[in-house]
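Per-entry structural report
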Amino acid sequence: MAGKHHPPEVRRATLADAFAPLKLQWAVAEATRCLMCDDAPCQKGCVAGVDIKKFVRALRTRNVRLALSVIREANFLVATCGRICPQAELCEKRCSATGLAKPIAIGELQRFVGETAIRERMRPTFPPPRSEAQVAIVGGGPAGLAAAYYLRGAGIVADLYERRARVGGVPMAGIPRFRLPRDLLGAEIGFVAEGGARVIHEAVTDLGALADRYRALFLACGLGAPREAGVPGERLAGVWIADTLLELVNLGEDTRGGAPPRFSGRTVVCGGGNTAFDAATVALRLGSDEVVVAYRRSEVEMPAWPLHRGFAVEEGVQLRLLLLPREIQGEEGRVVGVGFQRAELGEPDASGRRHPRPVDGAFESIACRQVVLALGNHPSAGWEALSLEAGASGPRVDPETMETSRPGVFAGGDLVNGGATVVQAVADGRRAARAIAQRILDE
Amino acid sequence: MPTLQVDFLGSTLRNPFLLASAPPTNTVEMIARAFDRGWAGAVTKTIPLEKVPVRNVTPRIHSIAFAGFAEEARRVYAFGNIELVSEKHADYWMDGIARLRRDYPDRFLMASLMAEAAAEGDWVELARRAEAAGASAVELNFSCPHGGMPPHAVGAAIGQDTAIARRITRWVRAAVRCPLVVKLTAAVSDLRTLSQALALAGADAFCTINSFPVILGVDLKTHSPLPSVAGRGNVGGYTGRALKPIALRATAEVAPAGRPISGCGGITTWEDAAEFVLLGATTLQVCSAVMLEGYDIITDLCDGLLSYLEDQGAERLDDLRGRALHNVVPHASLDATARRKSSIDLETCTRCGKCAIACRDAGYQAINEAADRTPSIDEDKCDGCGLCIQVCPVWDCMVMRAV
Ligand SMILES: Cc1cc2nc3c(=O)[nH]c(=O)nc-3n(C[C@H](O)[C@H](O)[C@H](O)COP(=O)(O)OP(=O)(O)OC[C@H]3O[C@@H](n4cnc5c(N)ncnc54)[C@H](O)[C@@H]3O)c2cc1C
Ligand SMILES: Cc1cc2nc3c(=O)[nH]c(=O)nc-3n(C[C@H](O)[C@H](O)[C@H](O)COP(=O)(O)O)c2cc1C
Ligand code: SF4
């Protein structure tokens, strides 16, 4: 999320790309700042295990091709993750150059490589297929696509089931297009279909039948349905579930869901995760005069990444803390405001964060024309049908192979971690692909 | 499919890159580790006979770096060293060469040798033992700027005296059948005649070049040359990026002798390597870049050079070898009518004004700055010297254009 963005007043007026283009000159100069540490700590911060030192070194001599193949080996979503990974929490957090001045802009260097590759059509090459139709993947998000990509790299052509009209999972349907333009993501995930993987647009309902039909199954269906607020007024016109709003803005036009709505006046977003801030910046671009994010705990407990928050705050999104939504107020079927009860911080809860305790009698309302609820998602359902052992969230898996308690059934991504990052989903998909390929090709 | 394979002195190498005789080849284990990383060959740290005591001083390596800002990393562009030949002697090395030969039969393993100028028996013994141990070739170190094995004046003292160098080359030539390489110093007045004389004396190939004699710096408090050994210093060997232009010149000068060349001096990137090939080198030796970043740079060197072959539409390095040589001509043969003038890309220009300073105080007063700092070239005044382009901090912002 760190990156060379267009100035806030420019970008907040449009759904077009918020990132400024990068030049080779910049990339080489930035790469030259790299200290080339021993046992580079940045690499330990990358959950996909990209050989960062090697790709940065290649950039120093303008060898974009080598940089690209080094990154793709571990993470095929090169430009995508360059843009949307929380590098400040991952690779860049450990950069030794931080002690001198500031960390190397690893994410932006990766974005440069990925965007150059797309512009110059530098496609991955796959070996001739060795095995077909023995592996099914359920879910065409980053985890499922990564499994398909890396299986293809091992010569295995998989069947990929996706319930939506477009593959790409949350990055396609949820992450706003100004952070991740559709054509850019489309180009990177397009390599999977170009490599021959069969994409079947169908919602899988009978996992048992699939498990019987294929030699290996990779479950990558992501999270379940969004949580409701459970307060009066949720059905009023002008009240949106964040996921629905984001998907409409991203995919409405190509799936005939309709054009994005027009907003006006003030919008209140309830939540404190990355989705809340994406919804807030989208609400600005849809025409809101003012956007307020209302969160029930304090800033310290907020799950949204600081840089992601900063991106929204720079654009003028306001933060209101320690507010518990109690009712959505309406007139003639339309929302006119949100009633909150004030809270104070209590003891830490199960998540380790301090729990918001309602303050008796302290109520306030914020008038608004739109409300967006971004309160997280339920865990995914459906996998129970395979009677798999449960983990902390979703089925329990072996962290090395991503295999569940049922041999031949693998799982990864948000489904098993309860919601993390795209790069984690890619890492899971790649790990599963490796284990599946080994199994199939060994036999 | 283009390949980096090269034929050198009767061996086929997977790529042209060898570790130079220097700290990266200090021990047999280190060489083995480098081979595992993909280096096509190595030259042992220079081997002395058992009877020669070698005792290094500390410290013995210093460097020059771009200081940058206080918070910026030091970036080394040259080393200076006063290190002697290997502290391990012929017994260790001959045994090690035999072991490496057995474990890595496909790698090019050269034994770097040094003995006193007059000691025919010592040179012959070293060369015979290296050949017997299985060395792919021997490399005679006629080029260490600080002698290499004090108190004897050897190394560059030999390479700077054509008669002595020729005599030793003949001795070794007569003693062994394996290929014989002479490693030269550029601190001589005429490499052309020297290399031709040594080719006639039996040298099969040349390594251009060893480090160049310098005083790297002086400590302003203690008045000691750097690196300082208890308050005193000595003329040391300049290596790394700063050495490359000298090594390129030497390579071009030795090429007419008609023997294969192992280019050496400042090779840091594949681009450097390609330049040496264009000036006639067959193999490429690297030391300082490995001192800075380790054996792993071999991937970058190979991958980059391979892409370059593809870009050039060449199948092998042989297709490019020496391509730049015929473009190195006397000044009188340059086309003085081909006029160029400077131009500025205002899109990338940062309005720093460095070009204007340079042209004002060291050029022809041809760059004007508008009130908003935008520079412009006065084409009538621009003399085309090219200085502004060199001082511009932005890549490709200023270029010379035909008029
Ligand atoms: C608004 C928002 C912003 C985010 N921003 C970032 C960010 O900036 N950076 C970052 O790293 N992460 C971000 N994330 C998290 C990231 O998007 C997820 O961690 C990631 O997408 C998980 O990938 P996945 O493949 O496991 O699941 P998903 O992306 O959810 O993909 C699952 C896919 O499976 C399909 N599917 C589900 N069930 C079935 C079925 N039964 N049959 C067929 N198909 C099915 C779904 O349609 C979907 O396409 C964000 C998440 C959200 C919601
Ligand atoms: C510390 C140090 C020790 C060296 N020792 C030797 C040596 O023993 N024998 C030799 O032939 N060259 C020696 N060299 C020279 C290197 O082999 C090489 O010719 C020189 O460093 C130029 O190459 P570079 O710019 O890639 O470093 C040494 C260089 C350095 C820096
Ligand atoms: S590199 Fe440093 S630590 Fe290693 S031997 Fe030399 S002085 Fe000692």
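Rules used in this analysis
- Residues numbered from 1 in each chain as written.
- Chains lettered and ligands numbered in written order.
- Predicted model: local features only at pLDDT ≥ 70, side-chain atom pairs only at ≥ 80, totals over all residues.
- Heavy atoms only, no water.
- Domains from an automatic or database assignment.
- Buried area = accessible area lost by both parts, 1.4 Å probe.
- Salt bridge = Lys/Arg side-chain N within 4 Å of Asp/Glu carboxyl O.
- Polar contact = N/O pair within 3.5 Å; in protein donor to acceptor, adjacent residues only side chain to side chain.
- Helix = DSSP H or I, 4+ residues; strand = E, 2+ residues; numbered from the N terminus.
- Core = buried A, V, L, I, M, F, W, Y, C linked by side-chain atoms within 4.5 Å.
- Buried < 20%, exposed > 50% of the residue type's maximum accessible area, 1.4 Å probe, protein only.
- Contact = heavy atoms within 4.5 Å.
- Expected span 1.5 Å × (residues − 1).
- Arc of directions from axis to C-beta.
- Axes fitted to C-alpha atoms, helices over the stretch in contact; angles between N-to-C directions.
- Parallel < 35°, antiparallel > 145°, perpendicular 65-115°, else oblique.
- Left-handed = near helix turned anticlockwise from the far one by under 90°.
- Pairing = 2+ DSSP bridges.

Some remarks on the domain arrangement of chain A
All names here are of chain A.
- When cut into domains, chain A gives domain 1 (8-119), domain 2 (131-224 + 378-442) and domain 3 (239-373).
- Using only C-alpha atoms to locate each centre, domain 1 and domain 2 end up separated by 26 Å.
- Among the residues of domain 1 in contact with domain 2, Val47, Phe76 and Ile84 are the three that bury the most area, contributing 32% of the side total.
- Viewed at the interface, domain 2 and domain 1 are joined by zero salt bridges.
- At the boundary of domain 1 and domain 2, one finds nine residue pairs in polar contact (both at pLDDT 80 or more).
- Elements that contribute at least two residues to the side of domain 1 that touches domain 2 include exactly helix 5 (64-74), helix 6 (78-84) and helix 7 (106-119).
- Counting residues per element, the side of domain 1 that touches domain 2 draws most heavily on helix 6, which supplies six residues.

As for the nonpolar core
- By size, the foremost hydrophobic cluster in this structure holds 111 residues, and its most contacted members are B:Phe17, B:Trp39 and B:Trp123.
- Looking at which element gives the most residues to this core, the answer is helix 10 (residues 297-311) of chain B, with seven residues.
- Excluding its chain neighbours within four sequence positions, the residues that come into contact with B:Trp39 are B:Phe17, B:Leu18, B:Leu19, B:Ala34, B:Arg107, B:Val286, B:Val290, B:Tyr295, B:Ile297, B:Ile298 and B:Leu301.
- Grouped together as the second largest cluster of nonpolar side chains are 102 residues, A:Leu77, A:Ile156, A:Ala158 and A:Phe410 included.

Observations regarding helix 5 (residues 162-175) of chain B
All names here are of chain B.
- Helix length check: helix 5, at 14 residues, gives a terminal C-alpha distance of 20 Å against a target of 20 Å (1.5 Å per residue), a fit within 8%.
- When we look at burial in helix 5, the residues that qualify are Ala165, Ile168, Thr169, Trp171, Val172 and Ala175. On an axial view of helix 5, the arc spanned by its buried residues comes to 160°, and they lie on one face.
- At its buried positions, helix 5 is contacted by helix 3 (120-133), strand 8 (137-141), helix 4 (156-159), strand 9 (180-184) and helix 6 (191-201).
- At the N-terminal boundary of helix 5, the capping side chain belongs to Asp161, with an oxygen 3.1 Å from the backbone nitrogen of Ala163.

Some points on the packing of helix 1 (residues 28-37) of chain B against helix 2 (residues 90-103) of chain B
All names here are of chain B.
- Direction vectors running N to C along helix 1 and helix 2 enclose 25°, while the axes themselves pass 10 Å from each other. One way to sum up the angle between helix 1 and helix 2 is to call them roughly parallel. Of the two elements, helix 1 crosses helix 2, and the hand of that crossing is right-handed. For the pair helix 1 and helix 2, contact is made by Val28, Glu29, Ile31, Ala32 and Phe35 and by Tyr92, Trp93, Gly96, Arg99 and Leu100, respectively.

A word on unusual backbone geometry
Residues and elements named next belong to chain B.
- Note that the residue after Thr208, namely Ile209, is joined by a cis bond; omega there is 5°.
- In this fold, Ile209 is placed in the loop between strand 10 (205-208) and strand 11 (212-214).
- Note that the residue after Leu226, namely Pro227, is joined by a cis bond; omega there is -5°.
- Positive phi outside glycine occurs at Gln365, with the angle close to 55°.
- Its place among the elements puts Gln365 in the loop between helix 11 (354-362) and strand 16 (367-369).
- We classify Gln365 as partly exposed; its relative accessible area is 42%.

Topic: the interface of chain B and chain A
- Listed by partner, the interface residues are 19 residues for chain B and 18 residues for chain A.
- Roughly 1700 Å² of surface becomes buried between chain B and chain A when both sides are summed, with 48% attributable to carbon and sulfur atoms.
- Its largest share of buried area at the contact with chain A, chain B owes to B:Glu293, B:Asp300 and B:Trp395, together 34% of the area lost on that side.
- For the pair chain B and chain A, the number of links is five salt bridges.
- Those elements giving two or more residues to the side of chain B that touches chain A turn out to be helix 8 (270-278) and helix 10 of chain B.
- Broken down by element, the side of chain B that touches chain A gets its largest block of residues, seven residues, from helix 10 of chain B.

Considering the sheet that holds strand 6 (residues 75-81) of chain B
All names here are of chain B.
- Read across the sheet, four strands follow the order 5-6-12-11 without closing on themselves; strand pairing throughout is antiparallel. Because the sheet does not close on itself, it has two edges, and the strands there are strand 5 (61-66) and strand 11. Across the sheet, the mean angle from the axis of one strand to that of its neighbour is 40°, orientation sign disregarded.

A closer look at the pattern of salt bridges
Residue and element names in this part refer to chain A.
- For the coordinates displayed, the defined rule picks out 46 salt bridges over all chains.
- Among the ionic pairs, Arg164 bridges to Glu247, the shortest N-O distance being 3.1 Å. Within this pair, whereas Arg164 is found in the loop between strand 2 (156-162) and helix 9 (169-173), its partner Glu247 is found in helix 12 (residues 242-251), the two being separated by 83 residues in sequence.
- Glu247 gets classed as partly exposed once you look at its relative accessible area, which sits at 29%.
- For the salt bridge of Glu299 with Arg309, the shortest nitrogen-to-oxygen distance reads 3.4 Å. Of this pair, Glu299 sits in the loop between strand 7 (290-294) and helix 14 (306-314) while Arg309 is found in helix 14, placing the two residues ten residues apart along the sequence.
- According to the relative accessible area criterion, Glu299 is partly exposed, its value standing at 38%.
- Look at Arg309 and you get buried, because its relative accessible area is 11%.
- It is possible to trace a salt-bridge network through shared partners that takes in Asp17, Arg83, Glu108, Arg111 and Glu115.

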